[in-house]
Amino acid sequence: MTHSIVVTGTDTGIGKTIFSAALTQALGATYWKPVQSGLEEETDTQAVVRLTGCEALPETYRLDIPASPHYSAEQEGVLIDVDRLSLPQVEGPVVVEGAGGLMVPLTRDTLYIDLFKRWNAPVVLCARTGLGTINHTLLSIEALRKRGCPLLGVAFIGDEVADSERTITEYADVKKLGRLPLLSKITSETLKEAFLQNFLLEDFT
């Protein structure tokens, strides 16, 4: 039976793919990135496979331009059909990674958060620990709850900032799943160790 977990973030470039890789490895899951924008460098799927050795499903849409999916698709003459972006049915757990933040447009009338609402799968919200995270994270939590998306909790990424982490969890009454520290060297081994030291696997199963 498939058990899907959606990984999203408060912004782009916060370490969401690294966390997705760690979670995929810990669960022995299949990884899926529905839409990839930007193909010149290593894609998120390629990075997760390289770091974990886990199975990954092909992206439904692969877009060359590294920009918001709606813009990349329009520039490349691609029509993103949201109905094609249904959660995959495979054996075992699936880690599904979004792009950027919740309000990133897939099309001119569909945001990623709209897709998450349709899926109704538990969401892990990744948040950086640096300056600005309280505002960004509380807004993201409010948006998820307003749409009725089931929020599993917040996974912080970065150096410890205890007060910011506590403020977010208390204001939003949300579970802190853990904090993935910045790693000087990112390998399968260091990711596995960091996840096991800072997260409880049962929170994701």
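Heads up: these notes are all about the structure in this document.

**Here we look at the pattern of salt bridges**
Pairing of side chains with opposite charge becomes possible as their charged atoms draw close. If you walk through the whole model with that rule in mind, you get 14 salt bridges. With a closest N to O distance of 3.1 Å, Arg 62 and Glu 59 form a salt bridge. For Arg 62, a relative accessible area of 43% gives the class partly exposed. Residue classification places Glu 59 among the buried positions, given a relative accessible area of 11%. Close ionic contact of Asp 114 with Arg 147 constitutes a salt bridge, the shortest N to O distance being 3.7 Å. Placement of the pair is Asp 114 in helix H4 (residues 112-119) and Arg 147 in the loop between helix H5 (133-146) and strand E7 (151-157), with a sequence separation of 33 residues. A cluster of three or more residues bridged by salt bridges with shared partners is formed by Lys 16, Lys 33, Asp 44 and Glu 97.

**Quick word on the nonpolar core**
Note on soluble globular proteins: their nonpolar side chains tend to be buried together. Core analysis: the largest hydrophobic core is formed by 26 residues, its most contacted members being Val 35 and Trp 119. Looking at this core, the elements with two or more residues in it are strand E4 (61-63), strand E5 (93-101), H4 and H5. Considering every element that reaches this core, the biggest residue donor is H4, with five residues. Setting aside anything within four residues of it in sequence, one finds Trp 119 in contact with Val 6, Trp 32, Pro 34, Leu 85, Ser 86, Leu 87 and Val 96. Membership of the second largest hydrophobic core comes to 24 residues, among which are Ile 5, Ile 14, Ala 21 and Val 124.

**Examining the layout of surface pockets**
Of the pockets and cavities examined, the largest pocket occupies roughly 510 Å³. Taken together, 25 residues form the lining of the largest pocket, with Thr 12, Lys 33, Gln 36, Ser 37 and Asp 44 sitting closest to its centre. Partitioned by chemical class, the residues of the lining of the largest pocket number eight nonpolar, nine polar and eight charged.

Quick notes on the rules
Residues numbered from 1 in each chain as written. Predicted model: local features only at pLDDT ≥ 70, side-chain atom pairs only at ≥ 80, totals over all residues. Heavy atoms only, no water. Salt bridge = Lys/Arg side-chain N within 4 Å of Asp/Glu carboxyl O. Buried < 20%, exposed > 50% of the residue type's maximum accessible area, 1.4 Å probe, protein only. Helix = DSSP H or I, 4+ residues; strand = E, 2+ residues; numbered from the N terminus. Core = buried A, V, L, I, M, F, W, Y, C linked by side-chain atoms within 4.5 Å. Contact = heavy atoms within 4.5 Å. 1 Å grid on protein atoms, 1.4 Å probe; cavity = no way out; pocket = protein on both sides within 12 Å on 5 of 7 lines; lining within 4 Å. Points joined across faces, edges and corners; volume = space filled by probe spheres on them. Nonpolar A, V, L, I, M, F, W, Y, C, P; charged D, E, K, R; others polar.

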